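# What the coordinates show
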Amino acid sequence: AVHERGWGGRIYAYACDCSDGAQVEALVESVRTITGGNREGVPDVVVNCAGAGRWLMLDEATVEEIKTGFDAPLLASAHLCHAMMPAMLRKGAGAIVNIQSPGGITSWGGSTAYQSSRWALHGLTLALRNDCRESAIQIQEVVLPEVESGYWDNNPGSRQRLPWITAVFGVPTISSAKAAVFVARAKKA
């Protein structure tokens, strides 16, 4: 999508459990290798798009499900930012884009732990934006509607709580490619 729109550049996507510090370090090393060590192996843009957690009321969730729901997106985003920001600050440029759910900017019943983790990601985004206000690092949050993925397969029973939410927002499900275009447009803006 980036080349089709004439934006240039290269995009590399990495699958990583960013709530795991060892995997984050391996990811950072992969980025350094890809860039040939140039610019301290710093990407121009880091996109945090981790998500996990069943949509449950708090009393329906186990403590482990609540913890897992916070591991991604919150801890995953925090770990990756922690690993990438020092080099971005030394470079004096870059952008961090946190992919957000509507659950991080509004609230509805039936997904307490999920929404709490998303509100925490929103808070992290705002705090990072304040931390970086004196630098050239841009901190952005992109709120996406439902994106076609394996999310619902991995979180049984959650999708049944979605239909009325989709109707309220009036936004159809989008493909991963379309989501990538939204993110690229946000970065370009």
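Presented here is an overview of the structure given in this document. (Residues numbered from 1 in each chain as written. Predicted model: local features only at pLDDT ≥ 70, side-chain atom pairs only at ≥ 80, totals over all residues. Heavy atoms only, no water.)

Our next topic: the overall build of the protein chain. Helix and strand counts for the protein chain come out as six helices and three strands. Its helices and strands in sequence order give the protein chain the pattern α-β-α-β-α-β-α-α-α, from N to C terminus. Sequence separation of 24 or more characterises 71% of the internal contacts of the protein chain that already satisfy a separation of 6 or more. Per element, the accessible surface of the protein chain, about 10300 Å² overall, is 57% carbon and sulfur. (Helix = DSSP H or I, 4+ residues; strand = E, 2+ residues; numbered from the N terminus. Contact = heavy atoms within 4.5 Å. Areas by Shrake-Rupley, 256 points an atom, 1.4 Å probe, with all protein chains shown as cover.)

Further remarks concern the sheet that holds strand S1 (residues 45-48). A sheet is described by the order of its strands in space; here three strands give the open sequence S1-S2-S3, paired in parallel fashion. A strand with exactly one partner marks an edge of an open sheet, and here the two such strands are S1 and strand S3 (137-143). Averaged over all pairs of adjacent strands, the angle between their axes in this sheet comes to 15 degrees, without regard to strand direction. One ladder, built from four bridges, connects S1 with strand S2 (residues 94-100); its direction is parallel. Note that in S2 the partner of valine 45 across the bridge is alanine 95. Its contacts with the sheet put helix H2 (residues 63-91) on S1, S2 and S3, and the angle it makes with S1 is roughly 170 degrees. Lying on the sheet, helix H3 (residues 112-131) is in contact with S2 and S3; it crosses S3 at an angle near 155 degrees. (Pairing = 2+ DSSP bridges. Axes fitted to C-alpha atoms, helices over the stretch in contact; angles between N-to-C directions.)

Okay, the nonpolar core next. Residues Leu80, Met84, Met88 and Ile96 are the most contacted members of the largest nonpolar core, which totals 24 residues. Breaking this core down by element, the ones donating at least two residues are helix H1 (21-34), H2, H3 and S3. Per element, the largest residue contribution to this core is nine residues, and it comes from H2. Filtering out sequence-adjacent residues up to four positions away, methionine 88 remains in contact with Val42, Pro43, Asp44, Val46, Ala93, Gly94, Ala95, Ile96 and Ile137. (Core = buried A, V, L, I, M, F, W, Y, C linked by side-chain atoms within 4.5 Å. Buried < 20%, exposed > 50% of the residue type's maximum accessible area, 1.4 Å probe, protein only.)

Right, let's get into a nonpolar patch on the surface. Taken together, the side chains of Tyr12, Tyr14 and Ile34 make up a nonpolar region of the molecular surface, amounting to roughly 280 Å² of accessible area. Mapped onto the elements, isoleucine 34 comes out in helix H1. (Patch = residues over 30% accessible without salt bridge, like charges linked within 9 Å, V, L, I, M, F, W, Y side chains within 5 Å. Salt bridge = Lys/Arg side-chain N within 4 Å of Asp/Glu carboxyl O.)

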